[in-house]
Each structure stands twice: as structure tokens, then as C-alpha cells.
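# Summary of structural features
Below, each chain spelled out in residue letters.
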Amino acid sequence: MPSFKEFIKDVDSPPLSLVRWVVHIVFLRMSAVCPICLGQIEHLTKLDPCFHAFCFNCITQWAKVSARCPLCVRPIVAFLHDIDLASRSFKRILVPLSSFLGKFF
Ligand SMILES: [Zn+2]
Ligand SMILES: [Zn+2]
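Read on for a plain summary of the structure. (Residues numbered from 1 in each chain as written. Chains lettered and ligands numbered in written order. Predicted model: local features only at pLDDT ≥ 70, side-chain atom pairs only at ≥ 80, totals over all residues.)

## Regarding the overall build of the protein chain
If you tally the helices and strands in the protein chain, you get three helices and four strands. Ordered by position in the sequence, the α and β elements of the protein chain form the string α-α-β-β-α-β-β. Going through the 105 residues of the protein chain one by one, you find that 13% of them count as buried. Across the protein chain, every contact between residues at least 6 apart in sequence was considered, and the portion connecting residues at least 24 apart equals 33%. (Helix = DSSP H or I, 4+ residues; strand = E, 2+ residues; numbered from the N terminus. Buried ≥ 20, exposed ≤ 12 C-beta atoms within 10 Å, placed from the backbone. Contact = placed C-beta atoms within 7 Å.)

## Looking at the environment of alanine 63
On the secondary structure map, alanine 63 appears in helix α3 (residues 56–63). According to the C-beta neighbour criterion, alanine 63 is buried, with 20 such atoms within 10 Å. A sequence separation of 13 residues divides alanine 63 from isoleucine 76, and the C-alpha atoms of the two residues are 8.4 Å apart. Not counting residues within four places of it along the chain, the set of residues in contact with alanine 63 comprises Ile76 and Val95.

## Quick word on the sheet that holds strand β3 (residues 78–84)
Across the sheet, which stays open at both edges, the four strands sit in the order β2-β1-β3-β4 with antiparallel pairing between neighbours. Whereas interior strands pair on both sides, the edge strands pair on one side only; in this sheet they are β2 (53–55) and β4 (89–94). Each adjacent strand pair in this sheet contributes to an overall mean axis angle of 35 degrees, direction not counted. Here strand β1 (residues 44–48) runs beside β3; their pairing, made up of four bridges, is antiparallel. In the sheet register, aspartate 48 faces β3, and the bridge partner there is alanine 78. (Pairing = 2+ DSSP bridges. Axes fitted to C-alpha atoms, helices over the stretch in contact; angles between N-to-C directions.)

## What about the nonpolar core?
Within the largest apolar cluster, 11 residues are counted, these being Ile41, Leu47, Ala53, Phe54, Cys55, Cys58, Ile59, Ala63, Cys69, Ile76 and Phe79. Broken down by secondary-structure element, the contributors of at least two residues to this core are β2 and α3. Not counting residues up to four positions away in its chain, the partners in contact with isoleucine 76 are Leu47, Ala63, Ala67, Arg68, Cys69 and Val95. (Core = buried A, V, L, I, M, F, W, Y, C linked by C-beta atoms within 7 Å.)

Below is the structure:
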């Protein structure tokens, strides 16, 4: 597992969004507490575009009620799931807007 600095060095001129993403990952590894259940985060899921982190179960339950991040109230566009820092891969699950219609307005 490379350190944060090694990881950044490894990427040529990383775009700001990537740096921000990695900083959030590193921060999260130090304090992996879910803001919804206040427990250890299980199945880490981040929100696009705000990068706040939650348990997969917590945020998908939340998303049935609100299409906005519970922390910063920005609209949720997608969930970033199965984040693997080593291979720098993740799944991006688009939030189906239709599931919010009628609950939101
Ligand atoms: Zn949780
Ligand atoms: Zn947020």
C-alpha cells in the first residue's frame, strides 16, 4: 500500500479532482465514521460530486427519501462504490432521477 505522497507522485500532474478525491480517501481512512449511522463505514460509498462518504446501505436508504447529500445538501448525481485505491478503480452508479420525482417537489 503506497503512501499518499507516493501515490500522488505516481500520477503525472494529477487533475485537481483526483487530488481532492485521494485526500478524501486518506482522510476517511483515519476517521471512517458514517455521518448517518455514526458507526464504522461499511461498503464505502462516496457521493458525486461532493465526495462525502457513507455506508452503502445508509446512503441508499437515504436516497429513497432525499436526492441531496445529508451533509452538504448538494444534489446527488451518482454513488461512487467499490473504491479501490490500489488499482484506482471504482464503480459509478448513476442515481435514477425518476425515483425521486414526486418525493422531492
Ligand atoms: Zn452508515
Ligand atoms: Zn456532500
